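Tertiary structure, described
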Amino acid sequence: MNPQIEKLYRIAQQKERRIIGLMSGTSLDGLDIALCRIGNSGQETTLFLENFISIPYEDTFRQYIREIFAKRQIDQQMLCGLHTYIGKTHGTFINRALKQWNISPPDVDLIASHGQTVFHAPQRLTEQTNFPNSTLQIGDGDHIAQTTGIITLSDFRQKHVAAGGEGAPLAAYGDYLLFTSETENRFLLNIGGISNFTFLPRQGSSLKAYATDLGPGNTMMNQFVFEQFGLEMDENALFAKNGTIDVALLEALLRNPFLDADFPKTTGPELFNLAYLKNAQSVSNTSSLAPEDILATLNKFTAQVIADGIRRVSKDLQHVHIYVSGGGVHNPLLMKNIRKALPSLLVSSFTSLGLNPDAKEACLFALLANETIAGSASTLWQIRDSPAVSMGKISLPY
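Just so we're clear, the structure is a prediction, and the values are computed from it rather than from any experiment.

Next up on the list: the packing of aromatic side chains. Taken as a whole and assessed by the stated rule, the structure comprises 15 aromatic pairs. Ring geometry for Phe187 and Phe199: centres 5.1 Å apart, planes at 40°, overall tilted. Note that Phe187 is positioned in strand β7 (residues 185–191) and Phe199 in strand β8 (residues 194–200), a separation of twelve residues in sequence. Residues Tyr276 and Phe301 carry aromatic rings whose centres are separated by 6.1 Å and whose planes lie at 15° to one another, so their mutual orientation is stacked. Here Tyr276 is found in helix α11 (residues 274–284), whereas its partner Phe301 is found in helix α12 (residues 291–314), with 25 residues between them in sequence. Among the aromatic side chains, those forming a connected cluster through ring pairs are Phe187, Phe197, Phe199, Tyr210 and Phe263. Looking at Lys265, its charged tip hangs above the ring of Phe258, at a distance of 4.5 Å from the centre. A cation sits over an aromatic face here: Arg312 above Phe263, 4.3 Å from the ring centre.

So this is what it looks like as structure tokens:
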């Protein structure tokens, strides 16, 4: 037997596994690296976050991705090269983090890599029924495994699509196993480039858990700030706080069939981008607004989409609590707008559940790898409209 297969077999039999989860989202800010200690599997899963670091992308690296990100026409050679380059870079980042933590690669059992999303194309977005749902994340797992010497699982979303899903959001699988409550109905709200939530009905409810995208998170604000000021984000809502919400523009932004579609659903920057903004400005005759006013309105737009979605699900429920993770949790104006739009509901940072909100998504991919190696997809049947499958392709380092 291949020694690496033997090693994988031993890892699967362990009561506990040390797994590094990786996440790089549509905000293109950098790579989140979470070293997790995960025990058991399925309903008995336990997760402890040992170490976490977020390594920012250099401007040149970020620009490479922007050249192909969420675009229908791209340079194929750039795509091919980046698939390798991102894998090698992420592997190098992992080695840097392990050295900083004084941890040897042989002391880590697995790596779980999300990769870098470059295009998301569910049929509901493309309206092309001649092709199935599809999504593409690059950053080759073989290169991560070779660079680190650690068995790597990657490309998790493809199995979800192959089994009839849209490839996103995948958070429901880990959220359901770790955070279902006996006493409250929970919305685990993640505000990355795109906003999404996992709805977790309390134990004993006749309702099923599920995850859904809502609409824009930070992506439109980030794109606009980069276009206008050359900055990656409106840090601490510095510009938006000095602007005024334009009602006509806000109403135009809110007029899109996707926002009214039933849950669950998925989307991406392929829809919510600067072209979307410019179209809304055109139809609302607001093209001459000051940048600060546009950012204030985009901030309110994101908050309104989130609040409308949560209100739609929570209106007949009691004991509802919203826990927020992702980059948006650090935007004070966005959090203020969300709380103002949902005055009767509790809104807290994910730290209330004992997990760093910035590390949450990376941790959940570590958990997906744990389920694939040591668990059973049958434990996930209670998640609505999400196929009960094991996800991730396995790359051996040698």
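Here we take up the domain arrangement of the protein chain. Along its sequence, the protein chain is organised into domain 1 (3–167 + 358–395) and domain 2 (171–353). On a C-alpha basis, the centroid separation for the pair domain 1 and domain 2 is 24 Å. Across the contact, 36 residues belong to domain 1 and 34 residues belong to domain 2. Where domain 1 abuts domain 2, roughly 3,000 Å² becomes buried across the two surfaces, and 60% of that area is made up of carbon and sulfur atoms. Between domain 1 and domain 2 we count three salt bridges in total.

Running from amino to carboxyl end, helix α8 (residues 219–229) crosses α11 at an angle of 85°, the nearest separation of the two axes being 9 Å. In terms of axis orientation, α8 runs roughly perpendicular to α11. Where α8 approaches α11, its residues Met220, Gln223, Phe224 and Glu227 are matched on the opposing element by Leu274, Tyr276, Leu277 and Lys278. Taken together, the residues of the contact of α8 with α11 break down into five nonpolar, one polar and two charged.

This paragraph deals with unusual backbone geometry. Put simply, Ala168 and Pro169 share a cis peptide bond, and its omega is -20°. Counting through the fold element by element, Pro169 comes out in the loop between α6 (157–162) and α7 (171–179). Geometrically, the link from Phe263 to Pro264 is a cis peptide bond, its omega value of -5° lying close to zero. Tracing the sequence through the fold places Pro264 in the loop between α10 (257–260) and α11. Even without being glycine, Asn102 reaches a positive phi, approximately 60°. By the element assignment, Asn102 lies in the loop between α3 (76–100) and β4 (110–121). Note on Asn102: relative accessible area 72%, which makes it exposed. One non-glycine residue, Asp155, lies in the positive phi region at around 55°. Mapped onto the secondary structure, Asp155 falls in the loop between β6 (152–154) and α6.

Turning to the packing of α8 against α12, a few remarks are in order. Their axes nearest at 9 Å, the elements α8 and α12 cross at an angle of 170°. On the basis of their axis angle, the class for α8 and α12 is roughly antiparallel. At the point where α8 passes α12, the crossing takes the left-handed sense. Within the contact between the two elements, α8 uses Met220, Met221, Phe224, Val225, Gln228 and Phe229 and α12 uses Pro291, Ile294, Leu295, Leu298, Asn299, Phe301 and Thr302.

A rise of 1.5 Å per residue sets the reference length of α3, with its 25 residues, at 36 Å; its end C-alpha atoms lie 36 Å apart and thus fit the reference within 8%. Along α3, the sharpest kink reaches roughly 25°, centred on Leu82. Buried within α3 are the following residues: Met78, Leu79, Leu82, Ile86, Gly87, Thr89, His90, Gly91, Phe93, Ile94, Ala97 and Leu98. In this structure Asp75 caps α3, since a side-chain oxygen of it lies 2.9 Å from the backbone nitrogen of Gln77. Following α3 by one or two positions, Asn102 adopts a phi angle in the positive range, close to 60°.

Next up on the list: the sheet that holds strand β11 (residues 346–349). Reading across the sheet, the five strands line up as β9-β8-β7-β10-β11 and stay open at both edges, with mixed pairing between neighbours. Either end of the sheet is taken by a strand with one partner, and the two such strands are β9 (210–216) and β11. Taken pair by pair, the neighbouring strands of this sheet meet at an average axis angle of 25°, ignoring direction. Summarising the sheet, β8 and β9 pair through six bridges and their orientation is antiparallel. What sits directly across from Ser195, in β9, is Gly215.

Taking the UniProt record as the reference, the feature "binding site: ATP" (unreviewed entry) is found at Gly25, Thr26, Ser27, Leu28, Asp29, Gly30, Leu31 and Asp32. Among the secondary structure elements, Ser27 is positioned in the loop between β1 (16–24) and β2 (30–39). Apart from residues no more than four positions distant in its own chain, Ser27 is found in contact with Gly192, Gly193, Asn218 and Asn222. Within the secondary structure, Leu28 is located in the loop between β1 and β2. Discounting chain neighbours no more than four positions away, the residues touching Leu28 are Tyr57, Arg62, Ile65, Arg66, Phe69 and Gln116.

Thresholds applied
- Residues numbered from 1 in each chain as written.
- Predicted model: local features only at pLDDT ≥ 70, side-chain atom pairs only at ≥ 80, totals over all residues.
- Heavy atoms only, no water.
- Phe/Tyr/Trp six-rings, centres within 6.5 Å; stacked < 30°, edge-to-face > 60°.
- Helix = DSSP H or I, 4+ residues; strand = E, 2+ residues; numbered from the N terminus.
- Lys NZ or Arg CZ within 6 Å of the ring centre and 35° of its normal.
- Domains from an automatic or database assignment.
- Contact = heavy atoms within 4.5 Å.
- Buried area = accessible area lost by both parts, 1.4 Å probe.
- Salt bridge = Lys/Arg side-chain N within 4 Å of Asp/Glu carboxyl O.
- Axes fitted to C-alpha atoms, helices over the stretch in contact; angles between N-to-C directions.
- Parallel < 35°, antiparallel > 145°, perpendicular 65-115°, else oblique.
- Nonpolar A, V, L, I, M, F, W, Y, C, P; charged D, E, K, R; others polar.
- Buried < 20%, exposed > 50% of the residue type's maximum accessible area, 1.4 Å probe, protein only.
- Left-handed = near helix turned anticlockwise from the far one by under 90°.
- Expected span 1.5 Å × (residues − 1).
- Bend = angle between axes of the 7 residues up to and from the residue.
- Polar contact = N/O pair within 3.5 Å; in protein donor to acceptor, adjacent residues only side chain to side chain.
- Pairing = 2+ DSSP bridges.
- UniProt positions renumbered as here; feature names shortened; annotations may be inferred.

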